[in-house]
Amino acid sequence: MKMIVIILGSLLLITHSFAEPPVPQVTPEIQKKQEITPEQQKRIDLIAQGEELHGKHCVRCHGDWVYKRANSRIKDYAALTVHVQRCATNLRKFLRKKWENPEISAVSAYLNHQYYLFETQ
Ligand code: HEC
């Protein structure tokens, strides 16, 4: 009985190693397409920075439901930036920290990427 188990087991091992799928070959062209351009990297960094700022400062009064509500008055990217600016001004009362353009554009980029999906130009 034990012998049969051993034989069956090794047979399974052998067939399994034969059944190993071939490693997919990535052609240089495909590899090139997958590379992130400096512009894309800049955008990724901006969104990450916005996410961090948002998580730290923007969840005091509302959760993300406010970005998903059906009656949102925000209809384009410019309006989004204006609203982020407005809320950041309200935020100042709590934190005594003024947000300048870099913070506004990072958080706007993050909110757009995550929720609004407006054209940015
Ligand atoms: C002092 C409280 C307060 C803080 C802090 C605050 N918000 Fe708001 N936010 C509001 C209120 C209230 C509304 C809803 C206003 C309305 O109905 O137009 C709102 C609405 C919004 C909207 C519009 C949502 C939509 O689609 O209709 C955006 C975008 C927004 N906030 C972004 C932010 C960001 C970014 C921050 C951090 C900088 C932030 N908020 C921090 C109070 C706040």
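Residues numbered from 1 in each chain as written. Predicted model: local features only at pLDDT ≥ 70, side-chain atom pairs only at ≥ 80, totals over all residues.

Side note on the overall build of the protein chain
Definition in use: Helix and strand definitions here come from DSSP, where helices need a minimum of 4 consecutive H or I residues and strands a minimum of 2 consecutive E residues; each element is numbered from the N-terminal end. Residue burial is a threshold on neighbouring C-beta atoms within 10 Å of the residue's own C-beta, all placed from the backbone, with 20 or more meaning buried, 12 or fewer meaning exposed, and counts in between meaning partly exposed.
The number of helices and strands found in the protein chain is 6 helices and 0 strands. Listed by position from the N terminus, the elements making up the protein chain come as α-α-α-α-α-α. Buried positions account for 11% of the 121 residues belonging to the protein chain.

Description of the site of the ligand
Defined as follows: Whether a residue is near a molecule or strand depends on its C-beta atom, generated from backbone atoms, being within 6 Å of that molecule or strand. Residue polarity follows a fixed list, in which Ala, Val, Leu, Ile, Met, Phe, Trp, Tyr, Cys and Pro are nonpolar, Asp, Glu, Lys and Arg are charged, and the others, Gly among them, are polar.
In the vicinity of the ligand there are 21 residues, among which Cys 58, Cys 61, Ser 72, Cys 87 and Asn 90 approach most closely. A per-element tally of the shell around the ligand places helix α5 (residues 77–95) first, with 7 residues. Residue classes in the shell around the ligand are distributed as 12 nonpolar, 6 polar and 3 charged.

Here we look at the confidence of the model for the protein chain
Definition in use: Known as pLDDT, the predictor's confidence for each residue is given on a scale from 0 to 100.
This prediction gives the protein chain a mean pLDDT of 84; 76% of its residues lie at or above 70. When mean pLDDT is taken per element in the protein chain, helix α6 (residues 101–116) scores highest with 97 and helix α1 (residues 2–18) scores lowest with 58.

Looking at the nonpolar core
Let me state the cut-off plainly: A set of buried Ala, Val, Leu, Ile, Met, Phe, Trp, Tyr and Cys residues, joined through C-beta atoms within 7 Å, is what we mean by a nonpolar core.
Residues Cys 58, Leu 80, Val 84, Ala 88, Ala 106, Val 107, Ala 109, Tyr 110 and Leu 111 constitute the largest nonpolar core, which totals 9 residues. When residues of this core are traced back to their parent elements, those giving at least two are α5 and α6. Sort the elements by how many residues they give to this core and α6 lands first, with 5 residues.

Description of unusual backbone geometry
Positive phi is not limited to glycine here, since Leu 117 has a value of about 55°. Its location among the elements puts Leu 117 in the segment after α6.

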